[in-house]
Each structure stands twice: as C-alpha cells, then as structure tokens.
Amino acid sequence: MTVGLRWASRHALFLVFVVVVGALSIMSPTFRSVPNLVNIVEQQSIIGVVACGMLLMILLGGFDLSVGAVGAATSVIAAWTMSTSGIVPGVLASLALGAVIGLCNGLLIAKVGINPFVATLGMQSLITGVLFVFTDATPVYGVPEAFTVVGLGRIGAVPVAALIYAAVVLATWAMLRFTTLGHHIYAVGGSPEASRLAGIRVHRVTITAYTLGALAAAIGGLILLGQTSIGQPSAAQGWPLSAIAAVAIAGVALTGGSGGVGNVVIGTLLLGVVSNALNLFGISPYWQPAFTGAVIIGAVGIDMVQRRRRTS
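Residues numbered from 1 in each chain as written. Predicted model: local features only at pLDDT ≥ 70, side-chain atom pairs only at ≥ 80, totals over all residues. Heavy atoms only, no water.

Undergrad: What's the story with the overall build of the protein chain in this structure? I'm lost.
TA: Across its full length, the protein chain holds 15 helices and two strands. Against the globule reference of 20 Å for 312 residues, the protein chain gives a C-alpha radius of gyration of 20 Å, in line with a compact fold. Looking at the protein chain residue by residue over its 312 residues, the buried ones come to 46%. Look at the contacts in the protein chain between residues 6 or more apart in sequence, and 77% of them connect residues 24 or more apart. Accessible area of the protein chain: about 14700 Å², with a carbon and sulfur share of 69%. Distance from the positive charge centre (13 side chains) to the negative charge centre (6 side chains) of the protein chain: 19 Å. (Helix = DSSP H or I, 4+ residues; strand = E, 2+ residues; numbered from the N terminus. Rg over C-alpha atoms; globule rule 2.2 N^0.38 Å. Buried < 20%, exposed > 50% of the residue type's maximum accessible area, 1.4 Å probe, protein only. Contact = heavy atoms within 4.5 Å. Areas by Shrake-Rupley, 256 points an atom, 1.4 Å probe, with all protein chains shown as cover. Lys, Arg positive; Asp, Glu negative; His and termini not counted. Charge placed at Lys NZ, Arg CZ, Asp CG, Glu CD.)

Undergrad: What is the right way to look at the nonpolar core in this model?
TA: The tendency in soluble globular proteins is for nonpolar side chains to be buried as a group. Judged by nonpolar contacts, the single largest core of 81 residues is most densely connected at Met54, Leu55, Ile185, Trp239, Val247 and Val252. Broken down by element, the residue count for this core peaks at 13 residues, all from helix α4 (residues 34-59). With sequence-adjacent residues up to four places away left out, Val252 is seen in contact with Leu55, Ile58, Leu59, Val247, Ser258, Gly259, Gly260 and Val264. (Core = buried A, V, L, I, M, F, W, Y, C linked by side-chain atoms within 4.5 Å.)

Undergrad: Would you take a moment to explain the packing of helix α5 (residues 67-85) against helix α6 (residues 87-112) for this structure?
TA: Axes are the key here: two packed helices are described by the angle between their axes and the distance separating the axes. With their axes 7 Å apart at the nearest point, α5 and α6 run at an angle of 150° to one another. In terms of their interaxial angle, α5 and α6 are classed as roughly antiparallel. As α5 packs across α6, the resulting crossing turns out to be right-handed. Contact residues: Val70, Ala73, Thr74, Ile77, Ala78, Thr81, Met82 and Ser85 in α5; Ile87, Pro89, Gly90, Val91, Ala93, Ser94, Leu97, Gly98 and Ile101 in α6. (Axes fitted to C-alpha atoms, helices over the stretch in contact; angles between N-to-C directions. Parallel < 35°, antiparallel > 145°, perpendicular 65-115°, else oblique. Left-handed = near helix turned anticlockwise from the far one by under 90°.)

Undergrad: Sorry, what's going on with the environment of Ser94 here?
TA: Tracing the sequence through the fold places Ser94 in helix α6. Sequence separation of Ser94 and Ala78 is 16 residues, and the distance between their C-alpha atoms is 5.4 Å. What Ser94 contacts, discounting residues up to four positions off in sequence, is Thr74, Ala78, Ala218 and Leu222.

Undergrad: Explain α4 to me, please; I cannot follow it from the model alone.
TA: The end-to-end C-alpha distance of α4, which contains 26 residues, comes to 35 Å, matching closely the 38 Å that a straight helix rising 1.5 Å per residue would cover. At Ser45, α4 shows its maximal bend, which comes to roughly 40°. Note on α4: the residue one or two positions beyond its end, Gly61, has a positive phi of about 95°. (Expected span 1.5 Å × (residues − 1). Bend = angle between axes of the 7 residues up to and from the residue.)

Undergrad: I would appreciate a short explanation of the environment of Ile101 in the present structure.
TA: Locating Ile101 in the fold gives a position in helix α6. In this structure Ile101 comes out as buried when scored by relative accessible area, which is 8%. For the pair Ile101 and Val295, spaced 194 residues apart in sequence, the C-alpha separation works out to 28 Å. In this structure Ile101 touches Val70, Met123 and Ile127, once residues within four positions along its chain are discounted.

Undergrad: Hey, could you run me through the pattern of salt bridges in this one?
TA: Side chains bearing opposite charge may pair, as long as their charged atoms lie close to each other. One pass over the structure, following the stated rule, counts two salt bridges. As a salt-bridge pair, Arg154 and Glu42 come within 3.6 Å of each other at their nearest N and O atoms. With a gap of 112 residues between them, Arg154 in strand β1 (residues 154-155) and Glu42 in helix α4 connect regions that are remote in the sequence. In this structure Arg154 comes out as partly exposed when scored by relative accessible area, which is 42%. Measuring nitrogen to oxygen at the nearest pair gives 2.4 Å for the salt bridge that ties Glu193 to Arg196. Of this pair, Glu193 and Arg196 both sit in helix α11 (residues 192-197), three residues apart, which is roughly one turn of that helix. Residue class for Glu193 comes out partly exposed when judged on its relative accessible area of 43%. Since its relative accessible area comes to 46%, Arg196 is described here as partly exposed. (Salt bridge = Lys/Arg side-chain N within 4 Å of Asp/Glu carboxyl O.)

Undergrad: Which parts of the structure should I look at to understand the side chain of Glu42?
TA: On the accessibility criterion, Glu42 (5% relative accessible area) is buried. Contacts of Glu42, omitting those with residues within four sequence positions, involve Gly151, Leu152, Gly153, Arg154, Pro159, Ala161 and Gln227.

Undergrad: What's the story with the packing of aromatic side chains in this structure? I'm lost.
TA: Each aromatic ring pair is described using two quantities: the centre-to-centre distance and the angle formed by the ring planes. Taken as a whole, this structure holds three aromatic pairs when the rule is applied. Between Trp80 and Phe134, the aromatic rings sit 6.2 Å apart at their centres with planes inclined by 80°, giving edge-to-face as the arrangement. Of the two residues, Trp80 sits in helix α5 while Phe134 sits in helix α7 (residues 116-135), which places them 54 residues apart along the sequence. Of the residues examined, Trp80 reaches a relative accessible area of 45% and is grouped as partly exposed. Residues Trp173 and Phe178 carry aromatic rings whose centres are separated by 5.3 Å and whose planes lie at 90° to one another, so their mutual orientation is edge-to-face. (Phe/Tyr/Trp six-rings, centres within 6.5 Å; stacked < 30°, edge-to-face > 60°.)

Undergrad: When you look at unusual backbone geometry in this model, what are you seeing that I'm missing?
TA: The general pattern is negative phi for most residues beyond glycine and trans for most peptide bonds. One non-glycine residue, Asp136, lies in the positive phi region at around 60°. By relative accessible area, Asp136 is classed as exposed at 62%. Positive phi is not limited to glycine here, since Ala137 has a value of about 60°. Relative to the elements of secondary structure, Ala137 occurs in the loop between α7 and α8 (149-152).

Quick look at the structure:
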C-alpha cells in the first residue's frame, strides 16, 4: 500500500466529512452560509460533549444508556436550584448529581458485576421515573436570564457552547494521551484480566470512567438549559444513541481498547451536517433517527468484519 493510500485509509472519516460538506455547499447556498455553519456547531456541541464522555466508557468496552436521563435530571435540578439560590449553586448541584449517578453506574458495573447495558438502562428508567414524580412531569422555570449565555451566547462569532465543547474535547484528549488514567482506560478496554495481572486497579478505572461520562452528560444538560431556559424532564431522550453513533462513526472499537477523540469530533459534526441537510432539503425529520440507527449497525458490522479478518 502506498503512502497516499495509507494516509487516505487512516483519515477516511475526515475525507468523507470534507466530501459531504463540499457537496452540500455546492447544492445549497443556505447550507454554506456562515450563520448556518455556526448553527450546526452550536447545536452539535451538546452531543459532542456527551460523546466525549461516552468515548471513555466505550474504550472500556461498555457504554451508558442513562446519559439522556442524566442530562434531563441535571437541567431540572439546575433550573430548580437557580430559581431559589442562584446560578453557582445550580451549576454545582447539577454537576454533583451527574457525578453521583455516574459513580453509581460504575459501582454497579465494576463491583456488583452487572452488565453495562442492564445497569445503565435500569438507571435511565429509575432516574426518569423519579424525575417525573419530582416535577409532576412538568417543566421547571425560573432560570436567570444571565445563564442563557451558556447555551446561546457568542464571543465574537464563536458560540459559547462550542467553546465549552472545545474545552471538553481538549481535556479528554489530554487525559487519554498524557495521564495514567487514560493509559489504564485503553489497557482495561483491551484486556481487563491482563490489566489486573499487570497491577492496574480495574474496578477503580471503570468507576472513574463512568463517573466522568455522566459528568460530561451533566455539562450537556447545563448547555441545554442555557439554550431553552427550562428544566424539561422529558428532554434528551435521543442523547444515548446519538452519542454512541458519533463514537461508532469515529471508528472506535465498540469492544474497547482503541480509538481517539479527534474522529469523535468529526463524527459528531457529520451527524449534525446530515441532520441540517435533511431540514434544508425538506426531508422528514423522522429520517434522522433512522440514519443514526443505520450508522450504528453499519459501524458495528464493519468492526466485526475487520476483527474476523485479523483473527483469520
């Protein structure tokens, strides 16, 4: 294989993204307008933040189906706290709630030994039920107007939400590349038993990864609250599949052990571009979840085929 082909293979997702954006830019003047492109980045910032947390759990060979419920719960708690005590207590309360939920998920998976699918699906149902009881299934109002800068504010032409997303991406990249925890996440995802024999505290790594994943969902919940100004208990239901799809598109092995945050960013933006294009061309929005599901199935299928080829 030539150098050019190796480079193309390594950066296939980026090339696909460039081709899609280029084609849509030619087809639609509205798509290529700066306000529309900025809007795509702003809207995808939430899923991007959640996908960074999901990446950590998928690198371990797991995932978290409760991130949507975490986002909804943290937005409701933040809205309720802000209406009574101010912005700072609301932010701290929501982040603490996200961390506690992630910690519980990690303990259930690492210590009790429950499968990630069962543990996080059960947590999602538990959180949603409690949230509906707590709010009587009605939105929570009273968010200070100053907090909307988190979701809708701009610094120059750059959305604040995008800056928060960029900060989360950089923090995730630095942790995976330069810290012991990041190296241990890759090791545990590759082989939990070999990691244990090497002296890595597998349970601690798992618990930490799930805690950080839920914390990312809580940050997403705060951005959502900044965009809508209400704590909506039924919000964020599509976050888990969208975040998993963004990670799957990025070529991250869903069985764990390999992958990086760079392609996850491209995968997140690609989902946003496709969704935006569906709207611009008047195609039913119901095709968006269908596309997301097809992406997940296709990515898993390709990953399985490649693994069979490597082992045969």
